[in-house]
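Summary of structural features
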Amino acid sequence: MKEYKGKLTTKLFWTGCGLCAGWFIYNLLGRFTHSFLISAIAAFVIIGWFVVKVYYTDNISIIFTDDKQLLIKRFGKILKAFTIDQYYWSEYSKNCNTKSEDDQDIYYISKETGKEDYIDATNFSGEDYEEILTNLGAKNTNEPPIKVETVKE
């Protein structure tokens, strides 16, 4: 059984981004409304949203069990349990074949229903994210590349 947890440094980075966004909104609304109350409330809402997202919503751990199960836990409680073989796993959405380098989502499609959803792995380190994708079979390193013939005019 292997467990992956979010990194504290990543959480602190996103907290800093939330503080910067709150400061920006505070200054922007202060210039337009000239009201301390409105700009302060808006800044606290932005900062609060970042804190909830980083420390609650994205604060998950991913566990691979010995019997080919994937468990997603938050604060010791299992949120979702997957049988790995019942899903197609990818780092790309089925509607898009490109991704941003900062995007750390794990997409899965049910083999039975075809419904797509994703797991937000933003709080994980890049190495853990790549290892999770490899364990799920989303990174097929043993397959040869597909050769495409081009037509020259």
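Up top is the structure.
A brief report on the enclosed structure follows. These numbers were taken from a predicted model, which means no experiment stands behind them.

Before going further, it helps to spend a moment on the state of the cysteines. By the definition in use, this model includes zero disulfides. Looking at Cys-17, it has no disulfide partner, and the nearest cysteine sulfur is the one in Cys-20, 6.5 Å off. On the accessibility criterion, Cys-17 (25% relative accessible area) is partly exposed.

It is worth spelling out a nonpolar patch on the surface at this point. Nonpolar side chains collect at one region of the surface, where Leu-8, Leu-12, Val-51 and Tyr-55 lie side by side and expose about 360 Å² of accessible area between them. If you list the elements that add at least two residues to the nonpolar patch, you get helix 1 (8-33) and helix 2 (36-57). Secondary-structure assignment places Leu-8 in helix 1. The exposed category is assigned to Leu-8, whose relative accessible area is 57%.

Moving on, we come to the nonpolar core. By size, the foremost hydrophobic cluster in this structure holds 19 residues, and its most contacted members are Ile-62, Leu-70, Trp-89, Ile-106 and Ile-119. At four residues, helix 3 (residues 126-136) tops the list of elements feeding residues into this core. With sequence-adjacent residues up to four places away left out, Ile-62 is seen in contact with Lys-2, Glu-3, Tyr-4, Leu-70, Leu-71, Ile-106, Ile-119, Phe-124 and Ile-132.

With respect to the helices and strands, the residue Leu-37 is situated in helix 2. For the pair formed by Leu-37 and Tyr-26, sequence separation is eleven residues and the distance between their alpha carbons is 9.7 Å.

With that settled, consider the environment of Asn-123. By secondary structure assignment, the location of Asn-123 is in the loop between strand 7 (116-120) and helix 3. Along the backbone, Asn-123 and Lys-11 are 112 residues apart, and their C-alpha atoms lie at a distance of 6.3 Å. Once residues lying within four places of it in the same chain are set aside, the contact partners of Asn-123 are Gly-6, Lys-7, Thr-10, Lys-11, Trp-14, Val-54, Asp-58 and Asn-59. Of the polar contacts made by the side chain of Asn-123, one reaches the backbone oxygen of Asp-58; its length is 3.1 Å.

Enumeration according to the criterion identifies 13 aromatic pairs in this entry. On the numbers, 4.7 Å between centres and 65° between planes, the contact of Phe-82 with Tyr-108 is edge-to-face. With Phe-82 in strand 4 (residues 77-83) and Tyr-108 in strand 6 (residues 105-110), the pair connects residues that are 26 residues apart, well separated along the chain. The exposure class assigned to Phe-82 is buried, which follows from its relative accessible area of 4%. Using a relative accessible area of 5% as the deciding quantity, one classes Tyr-108 as buried. Members of the aromatic cluster, connected to one another through ring pairs, are Phe-82, Tyr-87, Trp-89 and Tyr-108. Just above the ring of Tyr-56 sits the side chain of Arg-74; from NZ or CZ to the centre is 4.6 Å. Directly above the aromatic system of Tyr-88 lies the positively charged group of Lys-111, at a separation of 5.1 Å from the ring centroid.

Turning to the pairing of strand 2 (residues 61-64), a few remarks are in order. Residue alternation in strand 2 divides its side chains into two sets, Ser-61 and Ile-63 and Ile-62 and Phe-64, and both sets are buried. Strand direction decides the pairing type here: strand 1 (residues 2-5) and strand 2, joined by four bridges, are antiparallel. Looking at strand 2, one finds that Lys-5 is bridged to Ser-61. Note that strand 2 and strand 3 (residues 69-74) share four bridges and pair antiparallel. Looking at strand 3, one finds that Phe-64 is bridged to Leu-70. Linking strand 2 to strand 3, which pair antiparallel, is a turn of four residues; within it Lys-68 sits at a positive phi near 60°.

Reading the values: the criteria
- Residues numbered from 1 in each chain as written.
- Predicted model: local features only at pLDDT ≥ 70, side-chain atom pairs only at ≥ 80, totals over all residues.
- Heavy atoms only, no water.
- Disulfide = S-S within 2.5 Å.
- Buried < 20%, exposed > 50% of the residue type's maximum accessible area, 1.4 Å probe, protein only.
- Patch = residues over 30% accessible without salt bridge, like charges linked within 9 Å, V, L, I, M, F, W, Y side chains within 5 Å.
- Areas by Shrake-Rupley, 256 points an atom, 1.4 Å probe, with all protein chains shown as cover.
- Salt bridge = Lys/Arg side-chain N within 4 Å of Asp/Glu carboxyl O.
- Helix = DSSP H or I, 4+ residues; strand = E, 2+ residues; numbered from the N terminus.
- Core = buried A, V, L, I, M, F, W, Y, C linked by side-chain atoms within 4.5 Å.
- Contact = heavy atoms within 4.5 Å.
- Polar contact = N/O pair within 3.5 Å; in protein donor to acceptor, adjacent residues only side chain to side chain.
- Phe/Tyr/Trp six-rings, centres within 6.5 Å; stacked < 30°, edge-to-face > 60°.
- Lys NZ or Arg CZ within 6 Å of the ring centre and 35° of its normal.
- Pairing = 2+ DSSP bridges.

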